[in-house]
Amino acid sequence: MSLHTPGLHHVTAIAGDPQANADFYVGTLGLRFVKKTVNHDDTGTYHFYFGDGEGSPGTNITFFPWTDQGREGRFGAGQTQTTAYAIPPESVDYWRDRLESEGVDVESEARFDETVLRFADPDGIELELVAADDAEFDATPWEGGPVPTEHQLRGFYNVTLAVDGFGPTETILTDVLGYEREGGIDGRRRYRSATGGPGSIVDLVETDAGRGRMGVGTVHHVAFVAESVEEQEQWRAAYAEAGLSPSEVIDRKYFQSIYTREPGGILFEMATTGPGFTEDEALDELGERLALPEWLEDEREEIEAKLPAFDGPPVGSSED
């Protein structure tokens, strides 16, 4: 059986204060707040989705804001170190100036002959903007956003996964997910999906920091694209054949998912490309209301009562 994922579907992380989270990803990074829902497995916790103008697969970073104290995470092996978005090469100065004007510390470096801007969000989650040829990046602009459309983030460029040894995770990437090792630099190994395209790169780095602890300021899981539920069943079989323990297919309302933890400790999800975020909201109304799947709708009043205070993200055009 020969399966290949084209690349990243979404990245899900754990935030602290929901307001600070939304203010940063919308107000500073200019992503659209495409869905306000809850964690289906913990309905007292919001689940926020930030993406391009339509919430296209390959553009969405999502968050569970944990507002109770004492749940800080610790970075280490078995975690995502950085999540990177692509920007046009001519947008580097714009983004450096924008981030610095918002009080964000920015570092710049050259990596694989590309300019990379490195910084962190309010909870310490590491992010990067990579100046890449945008020919393959077809994210839908958010016309009402605070960032001019020509400078908006173009979707994921890559993720960097931290492991205590390359071998086991590399095997899953290459022998199961269909990635090909492309090269390396400064202790970093790069892999690209055999089918290529946006979000098709995964980097591995080794760390001696010990096993990480899940909590605020860490990435919960990384999701890759599966084209259909039928293909997911093939992925389940491929994971099982590799000695992993994949979940059953789970209905996440906007896509169908399976999960497995790879040998290096990172939780991998395979998520379908549909039905998408317009399943329960019109395109021009995305993120305006608390969206609940039909199996939770009868609990709406109870759910809304226990959710933390949240005013919503800042809204305003770059032309305002």
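Bear in mind that the values here come from a model prediction, so they are computed numbers and not experimental data. (Residues numbered from 1 in each chain as written. Predicted model: local features only at pLDDT ≥ 70, side-chain atom pairs only at ≥ 80, totals over all residues. Heavy atoms only, no water.)

Colleague: Would you take a moment to explain the side chain of Arg252 for this structure?
Modeller: Residue placement: Arg252 occurs in the loop between β14 (250–251) and β15 (256–261). The exposure class assigned to Arg252 is buried, which follows from its relative accessible area of 14%. Of note is the side chain of Arg252, whose polar atom sits 3.2 Å from the side chain of Asp41. Beyond its immediate stretch of four places on either side in the chain, Arg252 contacts His40, Asp41, Ser257 and Tyr259. (Helix = DSSP H or I, 4+ residues; strand = E, 2+ residues; numbered from the N terminus. Buried < 20%, exposed > 50% of the residue type's maximum accessible area, 1.4 Å probe, protein only. Polar contact = N/O pair within 3.5 Å; in protein donor to acceptor, adjacent residues only side chain to side chain. Contact = heavy atoms within 4.5 Å.)

Colleague: Explain the sheet that holds strand β3 (residues 42–51) to me, please; I cannot follow it from the model alone.
Modeller: Paired through backbone hydrogen bonds, the strands of a sheet run either parallel or antiparallel to each other. Spatially, the eight strands line up as an open sheet ordered β2-β3-β4-β1-β13-β16-β15-β14, and their pairing is mixed. Both outer strands of the open sheet, β2 (32–39) and β14, are each paired with one neighbouring strand and no more. Inspection of the sheet shows β3 paired to strand β4 (residues 60–65) by three bridges, in the antiparallel sense. Counterpart to Phe48 in the pairing with β4 is Phe63. (Pairing = 2+ DSSP bridges.)

Colleague: Looking at this structure, how should I read the packing of aromatic side chains?
Modeller: Two aromatic rings are characterised by how far apart their centres lie and by the angle between their planes. Per the counting criterion, the structure on display carries 20 aromatic pairs. Ring geometry for Tyr25 and Phe63: centres 4.7 Å apart, planes at 45 degrees, overall tilted. Of this pair, Tyr25 sits in helix α1 (residues 18–28) while Phe63 sits in strand β4, placing them 38 residues apart in sequence. Considered together, Tyr25 and Phe63 belong to a single accessibility category, that of buried residues. For Arg71, the ring lying beneath its charged end belongs to Trp66, and the centroid distance is 3.7 Å. (Phe/Tyr/Trp six-rings, centres within 6.5 Å; stacked < 30°, edge-to-face > 60°. Lys NZ or Arg CZ within 6 Å of the ring centre and 35° of its normal.)

Colleague: For this particular structure, what's the right way to read the pattern of salt bridges?
Modeller: For side chains of opposite charge, pairing can occur when their charged atoms come near one another. For the structure on display, the rule yields 20 salt bridges. Asp93 serves as the salt-bridge partner of Arg96, at 3.0 Å between the closest nitrogen and oxygen. Note that Arg96 and Asp93 are positioned in helix α2 (residues 92–101) at a spacing of three residues, about one turn of the helix. Among the ionic pairs, Asp203 bridges to Arg190, the shortest N-O distance being 2.8 Å. Here the residue Asp203 occupies a position in strand β12 (residues 201–206), and Arg190 occupies one in strand β11 (residues 188–193), the gap between them amounting to 13 residues. (Salt bridge = Lys/Arg side-chain N within 4 Å of Asp/Glu carboxyl O.)

Colleague: Teacher, can you tell me more about the sheet that holds β11 here?
Modeller: With respect to topology, eight strands assemble into an open sheet ordered β6-β7-β8-β5-β9-β12-β11-β10, the strand pairing being mixed. Strands with a single pairing partner mark the edges of an open sheet, and in this sheet they are β6 (107–111) and β10 (179–185). Recorded for the sheet is a direction-independent mean angle of 25 degrees between the axes of neighbouring strands. Here α2 sits on the sheet in contact with β5 (79–87), β6, β7 (114–120) and β8 (126–131), set at roughly 15 degrees to β7. Contacts between helix α3 (residues 166–176) and the sheet are confined to β9 (156–163), β10, β11 and β12, with β12 contributing the most and set at about 170 degrees to the helix. (Axes fitted to C-alpha atoms, helices over the stretch in contact; angles between N-to-C directions.)

Colleague: Even after reading the chapter, I still don't get the pairing of β2, so can you show me in this structure?
Modeller: If a strand is regular, its side chains alternate between the two faces of the sheet. Taken across its eight residues, β2 has eight buried, putting it largely inside the fold. Bridge count between β2 and β3: seven bridges; the pairing is antiparallel. Following the sheet pairing, Phe33 is matched in β3 by Phe50. If you look at the hairpin formed by β2 and β3, you'll find two residues sitting between the two strands.

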